[in-house]
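Examining the three-dimensional arrangement
Spelled out from the first residue to the last, the chains are:
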Amino acid sequence: MNSTSEIQVIKSECRESWDFERVVFPGQRLFFEALSTAHLEIYKAQNSGLQLAARVKCDRLQVMQESSSSFTTVSKFLGQQLAAC
């Protein structure tokens, strides 16, 4: 979930044959599938272009279906990563 007030661009690339890129608006939640060896890059949209805000291994973002609290775990994790930038 993009818990910031800024537009973000999410990118992931694992192999030459697979890549993923999406624009995520403030408040928007995004789910995607990726190999555990892939990395997710989160970019902030700036007037001068995109600025890398965080890079996270996809195996740390796995969502389980046990309960709805797992969704906030991913959101909190990314929020902590972005707050550190």
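In case you missed it, the structure is sitting above this.
Here's what I pulled together on the structure shown here. (Residues numbered from 1 in each chain as written. Predicted model: local features only at pLDDT ≥ 70, side-chain atom pairs only at ≥ 80, totals over all residues. Heavy atoms only, no water.)

Counting 10 residues, the largest nonpolar core consists of Ile-10, Phe-20, Val-24, Ala-38, Leu-40, Ile-42, Ala-54, Val-56, Cys-58 and Leu-61. Only strand 2 (18-24), strand 3 (39-46) and strand 4 (49-57) provide two or more residues apiece to this core. (Core = buried A, V, L, I, M, F, W, Y, C linked by side-chain atoms within 4.5 Å. Buried < 20%, exposed > 50% of the residue type's maximum accessible area, 1.4 Å probe, protein only. Helix = DSSP H or I, 4+ residues; strand = E, 2+ residues; numbered from the N terminus.)

Topologically, Ser-12 is positioned in strand 1 (residues 8-15). For Ser-12, a relative accessible area of 3% translates into the label buried. A polar contact of 2.9 Å, which involves the side chain of Ser-12, links it to the backbone oxygen of His-39. (Polar contact = N/O pair within 3.5 Å; in protein donor to acceptor, adjacent residues only side chain to side chain.)

Attention now moves to the pattern of salt bridges. The final tally for this structure, using the stated rule, is 2 salt bridges. Here Arg-55 ties to Glu-41 by a salt bridge, and the two come within 3.1 Å at their closest N and O atoms. Of the two residues, Arg-55 sits in strand 4 while Glu-41 sits in strand 3, which places them 14 residues apart along the sequence. By relative accessible area, Arg-55 is classed as partly exposed at 49%. Close ionic contact of Lys-57 with Asp-59 constitutes a salt bridge, the shortest N to O distance being 4.0 Å. Exposure remark for Lys-57: the relative accessible area of 37% places this residue in the partly exposed category. (Salt bridge = Lys/Arg side-chain N within 4 Å of Asp/Glu carboxyl O.)

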